[in-house]
Each structure stands twice: as C-alpha cells, then as structure tokens.
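What follows is each chain in one-letter form.
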Amino acid sequence: MCLAAAATLQPAQAATQVATYEQAQAKVNDEGYLLFIYGQGWDKRSKELITALYNAPAVIKAAGKSVMMLVPLPDSMDDAEKEAFNKVMGKLQLPHVHSTHSFPAVVMYDKTGRQYSIICGPAMVQPDPERIAFTITRRKAKLVEQLGIMAQADKAQGEERARLLLQACRVDNLERPDRVQDLIRQADPDDKAGCLAALNFYNNPLGDKVNDMPLADVLVEMDKAIANPLHTVQQKQNACAFTIGTIRRRAGAGGSDLIRKYAELMKSLDPDSVLGRSADVVLRDWTLGLQYVRGWSTETLPIANMPTELQGRLPIAAAGTYKLHFKPTGGNKAIITRVALYDGDTLLSEDVRTTEIADNGQDHFYTMTAPAEVKKPRVLITFGNEENNRNTHGQFSITKD
C-alpha cells in the first residue's frame, strides 16, 4: 500500500535527471534538454535556489520527457574545472556571451542541442517552483509551435517559405531557428517579401544615410517602418524611439508636437514595456513646445510648415480683433506663413501670408478675429524656416484693438 501511495505522488511523465551530457544521450528525445545552471563558488545563493527547483515535483512534472541536468558554472576556470565543466555540458553551449542572460537560469535546448529559450533574470531572484513550472510548460508548447511552422516552411517555396520562416522567428520567448537568415535568403534571394529586411530591422531602415537627409524625408521613411506589418511591436517601438531622438537632435523643443505624436504612439503599442513607460518621461520633459512667455529661439522654433500651438495663458477672451506681435531679438530672419485662432477645435480666423521678420525694430503682427467670446483660445503659428535656417529668436505679445 505504501508503494502504491508513493507511486500516485510521482509525476505522470517524470523527466530523466542525469549528471552529464554523455549520460543524457541514452535518454534524450524530441523534448530535448533542460539545464539548471548556477554559479559555483561565486553565487552561493544560486546553488540553493536552482537545486530546489531541480528537485521540485512541479518542475519535474513540467519537464515532461526532457532530460534534466544540474550544472555548476565556475567563474574563472582552471584546466581541471574546464575539463569537468565540458564533461557535463558535452556539445551543449552556454548562452552566447552577447545575448541577454544571467545566472542562475534554466536553459532549454531542443533535441539537436539548439538553445531555444532561457528562464533567468527577475523570475529567478526568488523563483517560485509553480511559476517556473508553468513557464517551462509554456515554452515547451511554444517550441512545438515553432517546429510546426518550420515543418510548413519545409513544404513551401519562394516568398511563402520566407514568410513562414520569419513567422518561426517571431514565436514569443523563443530563439530563432538555426541559419534562418540563410534559409530566407535562399527562399527569396531578392527579398521581394521583405522578410529578411524585417528580420534584421532594429530601429532605422536608412542606416547612416539618415544623417544626410532632410528631416521631412526621414519621417516619411520612419512612418513606413512603423506601419510595416512585418515588424514586431518591439521593432515599431524602437523605430518610434529613434524618430523621437532624431527630431530632438534636429529641431529641439521646436519639434514638440511631432515628439508628442511619436511618444504617444510608442506608448500605445505596448504601455507596459520599457519604451512604453519611457514615453511618459518624453512627454513630460521634451514637449514644452512654443511658449508665449518665452518667445521663440533656435531650440524651440517649430519645424518648417508645421502648424504649432502657442502654449501658455493667452490674453484672448472677449469678441474682437487681436494682434499677435512678433519682435525678433537676434539671429537671422524668422519666416511666418500663417497664424490661426481657434476656440477649442473650431477655427475662428486665420491670417495666411509669408513675412520675413528681421531684427530691425519694426512691429510685425498677424491679425486674429474672434466673432464671439472665446472660451478655449488656441493660437497655431506656422513658421517657414527650413532645417538649415533656424538661427532666430524673438518674443510674442498679443494686443486687442
């Protein structure tokens, strides 16, 4: 009876625990290997944590038919330690030195020895066996999904094969299949489907050419990249961040409206990601815009031909005619092409004409007309100074006739 009771406590598909890669070869199957790696001699706590996970019933059950190995990882290995470590690891490789990983970790390999996933970082600070078991189960299911996509790709050709290979690279929390770039290139040599470009895209499709392009042209290309359905949410957020940085470098606070646009888009794509949360900081610190009390300057001058709201408390309320005065205080000429008065989102009047305003003591103004009381006054100004002609600064004032 005791034996029967003990049997009921064992996992239905208990994994095999072995000490070395050589021992694993007699047991390995389609479910591959799970390596529980801890720091030997440099992280005493990790040995305790990893050993507990390695022996936890929930983790053993989640491992299914995988071969499990407990692997001590010394820091600076002498020859004897290297030999011992290599005997344990065999043909299995540690995560690449430039990859994002830390130890202790549970490293997952398929039956060929390819690392397909890793559980590390915050999840391993105080690892909960039930949570780690759940993660292992999910990752193993994702591997099945990825292998299924690769099987479909093996039956396809050309652009369809390239798209399936790209899809296999996009399975959540899994590494790319081996040699996938070569496989995509072979399937679609001219990259007509755009899969190879999408796979290698990080934040900018233009490379160093961006430095020699007008900002308006850069934005056109970045908008295409952000809208590209082959790009992941992370890639699109990276593109938003690159665009924000480019606008900031080129136009300073003068690009506030555009910076706000891309920051809000970056946040909407994934509010809980690092870049999604950083959008709040961008909106707080980089979108001060054109200020009524501060005037304009090289740093705050809006991008050419972009209507930009004049921020601040505007002395506009009662019906009547108002004048927005521009008083240059130095630099080159400021070019004004339009001033528009709104009540909220309703356009009340606009003064459209191009005026080059120099620091010559003359009073330059644009006229705004309010047919009735203005409850939410907004003034939008359009400057015409191009990217290479931003050295101008001056002051605003509003008077009522």
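Data block above holds the structure.
In short, a report on the structure. The structure presented is a predicted model; accordingly, all values stated were derived computationally and were not measured.

1. Things to note about the packing of aromatic side chains
Consideration 1: Enumeration over the complete set of coordinates arrives at 8 aromatic pairs.
Consideration 2: Here the aromatic rings of F326 and Y366 are separated by 5.9 Å at their centres, their planes lie at 75 degrees, and the arrangement is edge-to-face. Taken together, the residues F326 in strand 8 (residues 320-331) and Y366 in strand 11 (residues 364-370) connect sequence positions 40 residues apart. Of the two residues, F326 and Y366, neither departs from the other in class, the shared state being buried.
Consideration 3: Here a set of aromatic residues connected by ring pairs shows up, and it is made of W296, F326, Y366, F383 and F396.

2. Things to note about the sheet that holds strand 5 (residues 115-119)
Consideration 1: A sheet is described by the order of its strands in space; here 5 strands give the open sequence 1-3-2-4-5, paired in mixed fashion. With one partner strand each, in any of the chains shown, strand 1 (16-18) and strand 5 form the two edges of the open sheet. Strand-to-strand, the axes of this sheet are offset by a mean angle of 25 degrees, without reference to chain direction.
Consideration 2: Two elements, strand 4 (residues 105-109) and strand 5, share 4 bridges in a ladder whose sense is antiparallel. The residue bridging M108 from the neighbouring strand is S117, located in strand 5.

3. So, the environment of I118
Consideration 1: Tracing the sequence through the fold places I118 in strand 5.
Consideration 2: Note on I118: relative accessible area 15%, which makes it buried.
Consideration 3: Sequence-wise, I118 and L269 are 151 residues apart; in three dimensions their C-alpha atoms are separated by 25 Å.
Consideration 4: For I118, the residues in contact, after removing those within four places along its chain, are P95, H101, A105, V106, V107 and R139.

4. Focus on the nonpolar core
Inside soluble globular proteins, nonpolar side chains tend to come together where they are buried.
Consideration 1: Grouped together as the largest cluster of nonpolar side chains are 43 residues, with contacts concentrated most on F36, V59, M68, I136 and I184.
Consideration 2: Here this core gets 7 residues from one element, more than from any other, and that element is helix 6 (residues 129-154).
Consideration 3: Not counting residues within four places of it along the chain, the set of residues in contact with M68 comprises A15, T16, Q17, V18, L34, F36, Y54, V59, I60 and A63.

5. Focus: the pattern of salt bridges
Consideration 1: For the structure on display, the rule yields 19 salt bridges.
Consideration 2: Here R250 and E387 are joined by a salt bridge, their closest N and O atoms 2.7 Å apart. Placement of the pair is R250 in helix 11 (residues 233-251) and E387 in the loop between strand 12 (377-383) and strand 13 (392-400), with a sequence separation of 137 residues.
Consideration 3: With a shortest N-O distance of 3.1 Å, R378 and E309 are connected by a salt bridge.

Thresholds, definitions, all that
- Residues numbered from 1 in each chain as written.
- Predicted model: local features only at pLDDT ≥ 70, side-chain atom pairs only at ≥ 80, totals over all residues.
- Heavy atoms only, no water.
- Phe/Tyr/Trp six-rings, centres within 6.5 Å; stacked < 30°, edge-to-face > 60°.
- Helix = DSSP H or I, 4+ residues; strand = E, 2+ residues; numbered from the N terminus.
- Buried < 20%, exposed > 50% of the residue type's maximum accessible area, 1.4 Å probe, protein only.
- Pairing = 2+ DSSP bridges.
- Axes fitted to C-alpha atoms, helices over the stretch in contact; angles between N-to-C directions.
- Contact = heavy atoms within 4.5 Å.
- Core = buried A, V, L, I, M, F, W, Y, C linked by side-chain atoms within 4.5 Å.
- Salt bridge = Lys/Arg side-chain N within 4 Å of Asp/Glu carboxyl O.

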